[in-house]
Amino acid sequence: METMVNNISVEKATTSKINEVDFDNLSFGSVYTDHMLVCDYVNGAWQSPKVVPYQPISLDPSAKIFHYGQSIFEGMKAYKDESGKTWLFRPLENHKRLNKSAQRLAIPELPESHFMDGLTTLLQVEQDWIPQNPGSSLYIRPFMLASGKGFHASPADEYKFIIACAPSGAYFSGKVKVLIEEKYSRAANGGVGYAKAGGNYAGQFYPTQLAIEKGYHQVIWTDDNTHEYIEEAGAMNIFVRINDTLITGPTSDRILDGITRKSILQIAENQGIATEVRKISVSEVVAAAKNGSLKEMFGAGTAAVVSPIAAFGYKDTDYELPELENSYASQLKKYITDVQYNRSEDKFGWRYPV
Ligand SMILES: *Cc1c(COP(=O)(O)O)cnc(C)c1O
């Protein structure tokens with residue numbers, strides 16, 4: 001049965017999977033909610049988004065996504081506060097970035113109202129799926145793919161925009177040991193590194209597997225030209241603390257403009273932490289590790305907020321980082337999650353009610 005909610009068509013699932021889910025033991029992104037949002041681009045226009053039961057999608061074997069990888073995605077979360085109210089964190093930034101990615105991959109841009117009205121309606125339908133346990137949230141995966149047919153290497157004439165959701169438990173990354181990459185690259189000047197394009201991640205898997213075989217968890221990407229500057233940590237932005245200064249690389253063709261990254265910079269500046277946005281050389285990080293001025297390194301992204309790095313490897317040597325009480329990583333994570341879960345004042349206007 002179809003109803004209209006906020007002017008969006010909603011077809012309810014006839015049964016719910018929610019009682020089969022153990023909300024106390026959720027792993028990341030592996031159980032999906034009962035519904036999804038679907039919006040088709042046909043005849044030169046994005047049609048009205050619809051909430052439908054979660055289901056497989058059917059595509060022609062010649063659909064361009066399969067051959068030319070025209071696909072992009074976003075990653076965001078919905079948070080439930082103590083009173084049961086649901087919040088998003090800077091969702092308009094995700095919409096803007098989705099369209100930046102779309103433009104780079106020659107995918108038609110999606111109107112803001114399709115994204116926001118579709119997303120909030122889906123979340124209202126799925127509100128029982130948004131966990132309230134401490135640290136839990138609903139991970140939201142908006143994505144677009146080229147569904148149009150044809151073996152010709154050119155942009156498709158049809159696309160799908162879909163939002164799928166997965167309830168997720170508190171994300172503890174544990175002690176992360178990373179390898180500074182000297183051969184492979186994630187992104188290059190003039191390339192698609194700044195876009196959340198599916199193929200960027202496929203290209204990371206093999207070098208990451210090699211690092212895992214050597215006993216590391218993740219790769220620190222360096223610039224493609226010289227491999228002398230550190231750029232990102234896996235699929236996260238990277239921060240380095242030398243003495244009491246927090247440093248991150250400037251966004252570019254190669255470094256993705258992370259919402260967590262820019263939120264951290266704003267909070268740090270507001271909290272009186274010295275920040276620098278500049279290129280970070282591998283040699284300075286190694287020297288700082290040797291002389292004891294390297295205090296912290298951490299990845300920053302929506303899934304984990306911050307992911308502290310315990311050690312890094314470079315040219316067959318491992319360097320340990322100190323364990324700090326009251327690290328910048330833990331202070332910044334607390335600040336951001338307090339805003340996300342509506343536990344603190346929202347000084348920067350980042351919270352968005354659903
Ligand atoms: C998504 C992503 C990030 C983090 O972005 P957030 O908006 O903070 O989640 C950083 N680097 C890469 C390569 C990413 O794909």
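What counts, and where the lines are drawn
Along each chain, residue indices are assigned from 1 in the same order as the chain's sequence is written. Restriction of local features to residues with pLDDT of at least 70 applies here, the model being predicted, together with a cutoff of 80 or more for giving and counting side-chain atom pairs; totals for whole chains, interfaces and linings are based on all residues. Derived side-chain values reflect all non-hydrogen atoms in the structure, with water molecules and hydrogen atoms excluded from consideration. Any residue with a non-hydrogen atom lying within 4 Å of a molecule or strand is treated as near it. Counted as a polar contact is a pair of N or O atoms within 3.5 Å, where, for protein atoms, one must be capable of donating a hydrogen and the other of accepting one, and residues adjacent in sequence contribute only when both atoms are in side chains. Only the protein chains shown count as covering a residue, and every accessible area follows the Shrake-Rupley method with a 1.4 Å probe. Going along the chain from the N terminus, every DSSP run of H or I of four or more residues is numbered as a helix, and every run of E of two or more is numbered as a strand. We call Asp, Glu, Lys and Arg charged. Ala, Val, Leu, Ile, Met, Phe, Trp, Tyr, Cys and Pro are nonpolar, and the rest, Gly among them, are polar. The rule for a salt bridge is simple: a side-chain nitrogen of Lys or Arg has to be within 4 Å of a carboxyl oxygen of Asp or Glu. When accessible area is computed with a 1.4 Å probe and restricted to protein chains, residues below 20% of their type maximum are described as buried, those above 50% as exposed, and intermediate ones as partly exposed. By the convention used here, residues are in contact when the closest approach between their heavy atoms is within 4.5 Å. Note: domain ranges come from an automatic or database domain assignment. Here the quantity called buried area is the total loss of accessible area, with a 1.4 Å probe, experienced by two parts when brought into contact, counted for both. Given the number of residues in a helix, its expected span is that number minus one, multiplied by 1.5 Å. The nonpolar core is taken to be a set of buried Ala, Val, Leu, Ile, Met, Phe, Trp, Tyr and Cys residues, with the residues joined through side-chain atoms within 4.5 Å. Each axis is a line fitted through C-alpha atoms, taken for helices only over the stretch in contact, and angles between the N-to-C directions span 0 to 180 degrees. Here roughly perpendicular refers to angles of 65 to 115 degrees, roughly parallel to angles under 35, roughly antiparallel to angles over 145, and oblique to all remaining angles. Handedness of a crossing follows from how the near helix is turned relative to the far one, being left-handed for an anticlockwise turn of less than a right angle and right-handed for a clockwise one. In this scheme Phe, Tyr and Trp rings, the latter by its six-membered ring, pair at centre separations within 6.5 Å, and the angle between planes marks the pair as stacked below 30 degrees, edge-to-face above 60, and tilted otherwise. For a ring to carry a charge above it, either NZ of a lysine or CZ of an arginine must fall within 6 Å of the ring centroid while also lying within 35 degrees of the normal to the ring plane.

1. Some thoughts on the site of the ligand
- With respect to spatial proximity, 14 residues lie near the ligand, and among them Lys196, Tyr201, Glu232, Thr260 and Thr302 are the closest.
- Note that an oxygen atom of the ligand is positioned 2.8 Å from one of the side-chain N or O atoms of Lys196.
- Contact distances for the ligand include 2.8 Å between an oxygen atom and a backbone N or O atom of Ile259.
- Protein burial of the ligand: of its 380 Å² of free accessible surface, 96% is covered by the chains.
- Sorting the residues of the shell around the ligand by element identifies β14 (236-242) and α5 (259-270) as the ones contributing at least two each.
- In terms of residue class, the shell around the ligand is made up of five nonpolar, five polar and four charged.

2. Comments concerning the pattern of salt bridges
- According to the stated counting rule, one finds 18 salt bridges in the structure shown.
- Here Glu182 and Lys315 are joined by a salt bridge, their closest N and O atoms 2.9 Å apart. Of this pair, Glu182 sits in the loop between β11 (176-180) and α4 (198-213) while Lys315 sits in the loop between β19 (305-314) and β20 (317-320); the two residues are 133 residues apart in sequence, bridging distant segments of the chain.
- Of the charged contacts in the structure, one is a salt bridge between Arg241 and Asp244, with a shortest N-O distance of 2.6 Å.
- Of the residues examined, Asp244 reaches a relative accessible area of 44% and is grouped as partly exposed.

3. Here's the deal with the environment of Tyr184
- Take Tyr184: it is sitting in the loop between β11 and α4.
- Residue Tyr184 is classed as partly exposed on the basis of its relative accessible area of 24%.
- Beyond its immediate sequence surroundings of up to four residues, Tyr184 is in contact with Tyr206, Pro207, Leu210, Trp221 and His227.

4. Side note on the domain arrangement of the chain
- Examined at the domain level, the chain breaks down into domain 1 (2-168) and domain 2 (176-339).
- For domain 1 and domain 2, the distance between their C-alpha centroids amounts to 28 Å.
- Counting residues at the interface gives 17 residues for domain 1 and 20 residues for domain 2.
- Between domain 1 and domain 2, a total of about 1700 Å² is buried, with carbon and sulfur atoms accounting for 59% of that surface.
- Area buried by domain 1 at its contact with domain 2 is led by Phe73, Arg97 and Arg104, which between them contribute 36% of it.
- Linking domain 1 to domain 2 there are two salt bridges.

5. Comments concerning helix α2 (residues 91-104)
- Between its first and last C-alpha, α2 extends 20 Å over 14 residues, near the 20 Å set by a 1.5 Å rise per residue.
- Every buried residue of α2 is accounted for by Pro91, Glu93, Asn94, His95, Arg97, Leu98, Asn99, Ser101 and Ala102.

6. Some remarks on the nonpolar core
- Formed by 38 residues in total, the largest nonpolar core has its most connected members in Ile140 and Phe161.
- Listed by contribution, the elements that provide at least two residues to this core are β2 (8-11), β3 (35-42), β7 (76-80), α2, α3 (112-125), β9 (137-146) and β10 (159-168).
- Sorting elements by how many residues they give to this core places α3 first, with six residues.
- When near neighbours in sequence (up to four residues on either side) are disregarded, Phe161 contacts Leu37, Val38, Cys39, Trp46, Leu98, Leu110, Phe115, Pro142, Phe143 and Met144.

7. Regarding α5
- In this model, α5 (twelve residues) spans 17 Å end to end at C-alpha, consistent with the 16 Å of a helix rising 1.5 Å per residue.
- All buried positions along α5 are accounted for by Ile259, Thr260, Arg261, Ser263, Ile264, Leu265, Ile267 and Ala268.
- One or two positions beyond α5, positive phi appears at Gly272, with a value near 80°.

8. Examining the packing of α5 against helix α7 (residues 328-340)
- Put simply, α5 and α7 touch, their axes get as near as 10 Å, and they point 105° apart. As the angle between them shows, α5 and α7 are arranged roughly perpendicular. Between α5 and α7, the contacting residues are Thr260, Ser263, Ile264, Ile267 and Ala268 on the first element and Leu332, Tyr335 and Ile336 on the second.
- In terms of residue class, the contact of α5 with α7 is built from six nonpolar, two polar and no charged.

9. Some thoughts on the packing of α2 against α3
- Close contact between α2 and α3 brings their axes to 10 Å; oriented N to C, the two are set at 135°. In terms of their interaxial angle, α2 and α3 are classed as oblique. The crossing of α2 and α3 is right-handed. For the pair α2 and α3, the contacting residues are Pro91, Leu92, Asn94, His95 and Leu98 in the first and Glu112, Phe115 and Met116 in the second.
- Along the lines of polarity and charge, the residues of the contact of α2 with α3 split into five nonpolar, two polar and one charged.

10. So, the packing of aromatic side chains
- All chains considered together, the criterion is met by 14 aromatic pairs.
- Between Tyr41 and Tyr159 the ring centres are 5.9 Å apart and the planes differ by 65°, which places this aromatic pair in the edge-to-face class. Taken as a pair, Tyr41 in strand β3 and Tyr159 in strand β10 lie far apart in primary sequence, 118 residues in all. Exposure class is identical for Tyr41 and Tyr159. Each is buried.
- Taken together, a centroid distance of 5.0 Å and an interplanar angle of 65° make the contact between Phe73 and Tyr201 edge-to-face. One end of the pair, Phe73, is in strand β6 (residues 71-73); the other, Tyr201, is in helix α4, and 128 residues separate them in sequence. Each member of the pair, Phe73 as well as Tyr201, is classed as buried.
- Taken together, Phe89, Tyr335, Phe348 and Trp350 form an aromatic cluster joined through their ring pairs.
- One Lys or Arg, Lys85, reaches over the ring of Trp87 and ends 5.1 Å from the middle of that ring.
- Over the face of the ring belonging to Trp87 we find Arg351, whose NZ or CZ atom lies 5.5 Å from the ring centre.

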